[in-house]
Amino acid sequence: MNALSVRGLAKGFTLHLQGGTRLAVLAGVSLDVAAGECVALSGPSGAGKTTLLRALYGTYRADAGAILVRHGGGMVDLAVADARTTLEVRAHTLGYVTQFLRVVPRVPALAIVTEAAGAGNDAEARARDLLLRLAIPPRLHGLAPATFSGGEQQRLNLARGFAGAHPILLLDEPTAALDAANRATVVAMIREAKAAGRAIVGIFHDDSVRDAVADRVHEMLPLREAA
Amino acid sequence: MSEPLLSACGLAVRFGSITALDSVGAALWPGEVLAVVGESGSGKTTLLKVLSGRVRPEAGHVWYRAPDGERTDVHAMPLPMLRRLHRSDWGFVEQDPRQALRMDVSAGGNVGERLMAAGARHYGHIRDEAARWLAEVEIDVARIDDKPATFSGGMLQRLQIARTLVTQPRLVFMDEPTGGLDVSVQARLLDLIRTLVRRLGIAVVLVTHDLAVARLLAARIMVMQRGQVVEDGLTDQVLDDPRHPYTQLLVSSVLAA
Ligand SMILES: Nc1ncnc2c1ncn2[C@@H]1O[C@H](COP(=O)(O)OP(=O)(O)OP(=O)(O)O)[C@@H](O)[C@H]1O
Ligand SMILES: Nc1ncnc2c1ncn2[C@@H]1O[C@H](COP(=O)(O)OP(=O)(O)OP(=O)(O)O)[C@@H](O)[C@H]1O
Ligand SMILES: [Mg+2]
Ligand SMILES: [Mg+2]
């Protein structure tokens, strides 16, 4: 059963401040991802991989096509869902680890992950475990991440993304800033998520990471610029 | 909850030859923060005043759903009923706190006064609540008997917020609540607003010209230009994938939002 089903997705940008240039990025994208499966998006820089992830999350609004997400026993089409439905889907079904951490300023790392871990009594304990597993030492848990290194920020971002129990996870270059030991941790976490039945769509720059986690590769090529 | 707390459609307001609002609609659900952004003179404050019943539109309706589920037309309800809403269920945070506060009444009195207006009578209880709310907005309780005239701009704004929230309103209108403050003071105030609004589950219509503030506080955003809503959606949708030329201009004019 598909957790995520994309049909004929198109997305472009009209740059009104640059003479109304029309940039077509995605056209006719179709993709199915089953529960427990990991699909890797692959293609050259500018092919639209991040654009596709953002469209799947509902941040980039689709021009055409359907983004069907299994949510609460039914299917929701995020390409046409209203704002509140999209928020519902993000809260319970769809998680996204963006390439760069973006957080509310001045909130400590542990609080960020605890909030993502949900309302249960053990949320903070689980958050702490996740941070430790991703090699974020206890002395950083009480600090806001503004001063964290690039790798620490990325690991915090991953801890937050994996803390929720979202059945679908979108991952944009989750290991780009990590050393070998942390890369191995992330590979293990992705495999565990798959074993737990979560569906994953990811962009993996590192071929060894991709080979270790992906069941299939979805190739993407840049569209030629439309008039 | 599937029903909006506040909804509006077809709002129009003109001041002489100026069109301040032109067929504006909006909806706000319980516990939700909606940001209204746009350039100076685009009609944001006017919209806030019309939504809160302070300015009557030439056309259109504003509906408020009371806790009992009853839906009432804000501009058709009897004035005493509207006043009662403003005293308790609703709050209005002005950009200039001096417009909302009584400068010749103590800080505690400013907070307690609103509780009394909402029906509280027991003096000891009112004073305790006032003290609790001063602490909540990080004003030293030792200042409870001081007049606001001796407060800094940031403290005045925090006092206004304490005064507004003491009745535990369900709906708060905020007009540039951090405008005119130093950046460091702004940051603290934003943290405070964010924390209180989330903890108390208050619905907020927040007017701001600062996209970073909208990003921080609001799940949804409306962009206004010349009295019209030119774009709306989730905050990340509108700010990361702006579609209207004016929204693109707004987004490109800030360094990082
Ligand atoms: N918000 C936006 N507004 C305008 N153009 C955009 C926007 N987002 C992406 N694009 C354009 O879409 C194209 C694809 O970008 P995208 O980031 O999806 O590529 P990518 O495949 O992820 O590349 P990389 O491997 O370098 O990360 C680029 O030409 C980019 O400039
Ligand atoms: N009472 C009034 N009498 C006449 N014109 C008014 C009145 N109130 C507002 N206007 C005009 O209506 C338009 C919208 O004003 P409004 O105060 O709603 O703008 P705004 O978006 O809040 O701007 P700002 O960001 O500068 O506060 C402006 O052109 C303003 O001059
Ligand atoms: Mg990318
Ligand atoms: Mg104004």
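Whatever comes next refers back to the structure up there.
Counting from 1, residues in each chain are numbered in the order their sequence is written. Throughout, the order in which chains and ligands are written sets their labels, letters from A for the former and numbers from 1 for the latter. Note on the predicted model: pLDDT of at least 70 is required for a residue's local features to be given, and 80 or more for side-chain atom pairs to be given and counted; whole-chain, interface and lining totals, by contrast, use all residues. Side-chain measures here rest on the full set of heavy atoms in the structure, leaving out hydrogens and waters.

Q: Before we go on, may I ask you to explain the site of ligand 1 in this structure?
A: Being near a molecule or strand, for a residue, comes down to having at least one heavy atom within 4 Å of it. Surveying the vicinity of ligand 1 reveals 14 residues, the closest of which are A:Ser45, A:Lys49, A:Thr50, A:Thr51 and A:Tyr60. In this structure ligand 1 sits where residues from chains A and B come together. In this structure, an oxygen atom belonging to ligand 1 sits 2.9 Å away from a main-chain N or O atom of A:Gly46. Helix and strand definitions here come from DSSP, where helices need a minimum of 4 consecutive H or I residues and strands a minimum of 2 consecutive E residues; each element is numbered from the N-terminal end. Of all the secondary-structure elements, those providing two or more residues to the shell around ligand 1 are strand 1 (2-15), strand 2 (21-34) and helix 1 (49-57) of chain A. If one sorts the elements of the shell around ligand 1 by residue count, helix 1 of chain A sits on top with three residues. Whenever a nitrogen or oxygen atom comes within 3.5 Å of another N or O atom, the pair is scored as a polar contact, on the condition that within protein one atom can donate a hydrogen and the other can accept it, and that pairs from neighbouring residues in sequence are kept only if both atoms are in side chains.

Q: Is there a simple way to explain the sheet that holds strand 7 (residues 168-172) of chain A in this structure?
A: Note: strands within a sheet are paired through backbone hydrogen bonds, in either parallel or antiparallel orientation. Residues and elements named next belong to chain A. Think of it this way: DSSP has to see at least two bridges between two strands before they count as a pair. The five strands are arranged 6-7-8-3-9 in an open sheet whose pairing can be described as parallel. Edge positions in the open sheet fall to strand 6 (94-97) and strand 9 (216-219), since each of these has one partner strand only. Going from strand to strand, the sheet's axes swing by 20° on average, the running direction of each strand aside. One ladder, built from four bridges, connects strand 6 with strand 7; its direction is parallel. Within strand 7, the residue paired with Val 97 across the bridge is Leu 171. The contact definition used throughout considers only heavy atoms, calling two residues in contact when any of these lie within 4.5 Å. Simply put, an axis is a line fit to the C-alpha atoms, just over the touching stretch for a helix, and the angle between two N-to-C directions goes from 0 to 180 degrees. Those strands touched by helix 1 are strand 3 (38-42), strand 6, strand 7 and strand 8 (199-203), and its axis lies near 145° from that of strand 6.

Q: Where do I start with the site of ligand 2 in this structure?
A: All names here are of chain B. If you check the shell around ligand 2, you find Phe 15, Ile 18, Ala 20, Glu 39, Ser 40, Gly 41, Ser 42, Gly 43, Lys 44, Thr 45 and Thr 46 and nothing else. The contact in question runs from an oxygen atom of ligand 2 to an N or O atom on the backbone of Gly 43, over 3.0 Å. To measure how exposed things are, a 1.4 Å probe is used in the Shrake-Rupley method; for residues, cover is taken only from the protein chains shown. Summarising the interface, the protein chains cover 58% of the accessible area of ligand 2, which totals 630 Å² for the free molecule. Elements represented by at least two residues in the shell around ligand 2 include exactly strand 2 (18-28) and helix 1 (44-51). Here the shell around ligand 2 takes three residues from helix 1, the largest share from any one element. Looking at the shell around ligand 2 residue by residue, the classes come out as three nonpolar, six polar and two charged. When residue character is reported, Ala, Val, Leu, Ile, Met, Phe, Trp, Tyr, Cys and Pro are called nonpolar, Asp, Glu, Lys and Arg charged, and the others, Gly included, polar.

Q: I keep staring at the environment of A:Leu171 and nothing clicks. Help me out?
A: Residue and element names in this part refer to chain A. Checked against the element boundaries, Leu 171 lands in strand 7. Residue class for Leu 171 comes out buried when judged on its relative accessible area of 0%. Considering only alpha carbons, one finds Leu 171 and Val 201, 30 residues apart in sequence, at a separation of 6.3 Å. Among residues more than four places away in sequence, those in contact with Leu 171 are Leu 53, Val 97, Phe 162, Ile 190, Ile 200, Val 201, Gly 202, Ile 203 and Phe 204. Under the scheme applied here, a residue whose accessible area is under 20% of the maximum for its type counts as buried, over 50% as exposed, and between as partly exposed, the area being computed with a 1.4 Å probe on protein chains only.

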